[in-house]
Amino acid sequence: MKHTLLNKRFSLLASACLLALSASAVAEKIAITGAQIHTLGSAGVIEDGTILIDNGKIQQVLDADSVPSGYREIEADGKVITPGFIGALTSLGLEEVSLSAGPVDARVEALPVSSVGAAYDVQFAINPDSTLVPVTRVEGFTHAVTGISRTGQLFNGQGAVIDLAGDFTALVKANAFMHVNVGDGGTHANGDSRAALWVALNQALDEAVFAAGTDLSPTEDWEGMITRADAKAMIPVINGELPLLITADRAADILQALALKNRYENLNLVLVNATEGWRVAEQIAKANVPVILNPENNLPGGFDQIGATLENAARLHKAGVLVAIGMDTHNIRLAPQHAGNAVANGLPHSAGLAAISLNVAKIFGLDDTLGSLESGKEASLVIWTGDPLEVTEAAEQVFIKGEPVEMTSRQIKLRDRYLNRDPAKPVAYSN
Amino acid sequence: MRFTNNKKVGVALVFSALFLAACSDDKQEQTAPVYDKSNPFPSTYQRIESAPVVISNVTILDGVGNMIEQGAILLRDGKISAVGEDVSIPSNAIEIDGSGKWVTPGIIDNHSHLGVYPSPGTQSHSDGNEMTGPVTAEVWAEHSIWPQDPGFQRALAGGVTALQILPGSANLFGGRSVTVKNLPNRTIQDMKFPEAPYGIKMACGENPKRVYGAKGGPMTRMANVAGYRKAWIEAQEYKDKWDEYESAKEAGTAGDPPKRDLRLETLAGVLSGDILVHMHCYRADEMAVMMDVMKEFDYQIGTFHHAVEAYKISDKLAENNVCSAMWADWWGFKMEAYDGIRENIPMVHQAGACAIVHSDSDIGIQRLNQEAAKAWSDGKRAGIDIPKEDVWTWLSANPAKSLGIFEHTGSLEAGKNADVVLWSGDPFSTYSQAEKVFIDGAMVYDRTNPESWPVSDFEVGQVGQGDAK
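Below is a short write-up of the structure. (Residues numbered from 1 in each chain as written. Chains lettered and ligands numbered in written order. Predicted model: local features only at pLDDT ≥ 70, side-chain atom pairs only at ≥ 80, totals over all residues. Heavy atoms only, no water.)

Right, let's get into the interface of chain A and chain B. Contacts between the two partners involve 53 residues from chain A, matched on the other side by 52 residues from chain B. Between chain A and chain B, the buried area comes to about 4400 Å², and carbon and sulfur atoms account for 54% of it. Across the contact surface, chain A and chain B share six salt bridges. We note a salt bridge from Asp-315 of chain B to Arg-421 of chain A, for which the minimum N-O separation is 3.5 Å. Joining chain A to chain B, the criterion identifies 31 residue pairs in polar contact (both at pLDDT 80 or more). Elements that contribute at least two residues to the side of chain A that touches chain B include exactly α2 (132-137), α9 (335-344) and α12 (410-419) of chain A. The class makeup of the residues in the side of chain A that touches chain B is 21 nonpolar, 18 polar and 14 charged. (Contact = heavy atoms within 4.5 Å. Buried area = accessible area lost by both parts, 1.4 Å probe. Salt bridge = Lys/Arg side-chain N within 4 Å of Asp/Glu carboxyl O. Polar contact = N/O pair within 3.5 Å; in protein donor to acceptor, adjacent residues only side chain to side chain. Helix = DSSP H or I, 4+ residues; strand = E, 2+ residues; numbered from the N terminus. Nonpolar A, V, L, I, M, F, W, Y, C, P; charged D, E, K, R; others polar.)

Moving on, we get to the state of the cysteines. Residues and elements named next belong to chain B. Applying the stated criterion across every chain yields a total of two disulfides over all chains. The disulfide partner of Cys-323 is Cys-354, and the gap between their sulfur atoms is 2.2 Å. A torsion of 95° about the S-S bond marks the disulfide between Cys-323 and Cys-354 as right-handed. Of the two residues, Cys-323 is situated in strand β12 (residues 323-326) and Cys-354 in the loop between α9 (344-350) and β13 (355-357); the sequence distance between them amounts to 31 residues. When sorted by exposure, Cys-323 lands in the same class as Cys-354, which is buried. Each disulfide in chain B links cysteines that, numbered along the sequence, combine into the pattern 1-2, 3-4. (Disulfide = S-S within 2.5 Å. Buried < 20%, exposed > 50% of the residue type's maximum accessible area, 1.4 Å probe, protein only.)

Let us now look at α12 of chain A. Every buried residue of α12 of chain A is listed here: Gln-411, Ile-412, Leu-414, Arg-415 and Tyr-418 of chain A. Here the buried residues of α12 of chain A occupy an arc of 160° about the axis, which is enough to place them on one side. Each element contacted by the buried residues of α12 of chain A is listed here: α2 of chain A together with α9 of chain B. (Arc of directions from axis to C-beta.)

The next point concerns the packing of helix α5 (residues 221-251) of chain B against helix α6 (residues 262-271) of chain B. Residue and element names in this part refer to chain B. It is the contact of α5 with α6, at a shortest axis distance of 8 Å, that shows an interaxial angle of 85°. One element, α5, and the other, α6, form an angle in the roughly perpendicular class. Contacts from Ala-231, Trp-232, Glu-234, Ala-235, Gln-236, Tyr-238 and Lys-239 of α5 reach α6 at Leu-264, Glu-265, Leu-267, Ala-268, Val-270 and Leu-271. Per-class residue counts for the contact of α5 with α6 are nine nonpolar, one polar and three charged. (Axes fitted to C-alpha atoms, helices over the stretch in contact; angles between N-to-C directions. Parallel < 35°, antiparallel > 145°, perpendicular 65-115°, else oblique.)

Okay, the sheet that holds strand β9 (residues 199-203) of chain B next. To summarise the sheet geometry, strands pair through backbone hydrogen bonds and adopt either a parallel or an antiparallel arrangement. Residue and element names in this part refer to chain B. Taken together, the eight strands give an open sheet; going across it, the order is β6-β7-β8-β9-β10-β11-β12-β13, and neighbouring strands pair in mixed fashion. This sheet does not close on itself; its edge strands, each paired only once, are β6 (107-112) and β13. Each strand axis lies, on average, 25° off the axis of its neighbour in the sheet, ignoring direction. Pairing geometry for strand β7 (residues 160-165) and strand β8 (residues 173-181), over four bridges, is antiparallel. Residue pairing for β8: Leu-163 is matched across the bridge by Val-180. Lying over the sheet, helix α7 (residues 284-296) contacts β9, β10 (276-281) and β11 (301-306), oriented at roughly 160° with respect to β11. (Pairing = 2+ DSSP bridges.)

Bear in mind that shape data such as this cannot, by itself, settle questions of function.
Following this line, the structure appears as structure tokens:
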């Protein structure tokens, strides 16, 4: 190690501050040394390793504490490094304030363009200036899956994947998934009964299959239940190009969802919630269907969640199901705490970390660039003060595509304004 | 650590001892309530008898600012009998080795809607907001509470030994709250904390104007404030009338008593100081206005609940002796929650004001220790370094003060109710869990013994009965 002890102590903070000033500068070569690196790749956990970053990508992860020439070193001795976390199911960029505060793009009122909600598409609605973006990224999140939370129709439309760098190129993947709720929550807009909802869902899928071989031009006849715009959105779902997220809690609902693959074999299914998933874990694993869940849901909120347990995540993982964690918007930043509580209730720690990074990338087809620290992947990663699943630890420096982000947010600025308030003058004159 | 008796007692034996003790009549206190008009729904709570319990070799946070490493605590006859580095151990004591574990006072949540918004959350169970008028001081939360809410058991597994159950926040005056011991039983009277005073739920800001804006008002914040003041004027008149009557009665010159009015009776109870004020209020400016209304009508606001902007006026909250019950990090779900910051709780504490961690959630109530841990560490990183032994005041002592029960519970001090949690490790860690929970000296939850887990009637005969929850 070339640096003196004194340098070591200050270099991380200093370099982060310097770089923050030139966030748009040409990506430089960076070597982060000394940390415990959770690669989530084949290298596993590396103690005292080095990550080389070049041109926004991870060049190499070394099992050694050494720095080749030409790299600016960031010392992270005693710290922990993980891939940037990915919000698994959020409405980030679509919602600023939830209630009585103007349009929320994550909530859709039905329009004639769509009869079943499939056509709605959030890619046009992303606001990278949302204050939620920095609030979330300073806590170790580099990306988020974002979508509509309510349409009052069958489908919740098409979601997207964004990065949280906060610039106008936030959209990483448009048309990243389609979402439907087949549980109690989904029945409300669908005849108040599963007996109606499933017929509508089957009909929509059948029509999409038919539409795939049809000219959907306005000059041609189309008398389907779904609109032409819905049909266009549904064809990639039928083909398996778009994952179909199915929110289901009750074990029977989960099995109905899995049975869809018997009728539409190319479907790329993802279960959401799966509150009683542990009861049919073998079937879920056998169908190779991943689950996005909140491991803290342990109350029978309705008659489709009677079997709720804190051990759901652990039991599903043990059965071989790929588990992702993280469903919220303003507080998606608490997903590491949720994952930590899943670990406290039996999920292995490595699976807890994967649940908020690699597994999310896999579900949305992003794992060739995101989700683990391996050569050639995007250098979106986080230096933590310690175990990120511990509620008392924090992200110290976040990198998105090789760039250190400024570790501040509107909340931090508000805090500092009141921590440093000068009682002699109105607060509006503070920084 | 001095042992007068070194026998090892297994967990199963502990429970059978508790059970036997509870079955023996001779030790039961005869506390059958005498009907009292001024207390029409008296508590019928009875503690579970238990042999003395000693937890030793354990790290103790006493809840009032002290940490004892390698300490011991003795629970006897429902009370905390001794706490220290060394306690004497009665020969019949159940001994628990606390090596590597921590002991704290039971967590007290002063903001819960368990039972009034129970699980399952059906419309038929929605009993928390009397949204038929902005002033419903006449309703009492205890008349809505369903003791079979499975949420009580989940909260117990999180180390919660007492909680305040409040009406919702739709109304300027939502009604009376009630403080209960977290030992669900057949009736709400069985749960009522015997010595706890009543509270009243009031609400600032967005909720009342959203609910009543199109239903005759208030539709603005200014009408909210007019509504409180109008109600206090009526309450003062009512109180004066009754005070006059009582004086005349003493002098033997009384005529007919004034007509009772349930709404004004509760409000007059606030003015006389018998009923504590719990006010849902997010914004700093609104809290400041409410503290002026408080002075105008000479009552005390005990606690602002949610108080998302408390950090902006922490000096004023300290001056006015008003507690703030807060979340660690909830924000943004409405405009009045937009300025939430993670350091709110430590900043209030640093100003010398009374800080409380509350849940307002059937999920959040299960890990309030983690909420405090987050606030503690966020404060620390911002330069507010509060020792863990002081942080625990947010979870037990301060909420107990806010509920008027601190002389009975909320700290590990000799003579107080033995409401105690044994944690599997440092409760500031995500991975630590409440392992054993004691209410009035009886072990009412033991994570290591599934046979002992309480199950609500609702969950009997259902999928997952008795499962790890």
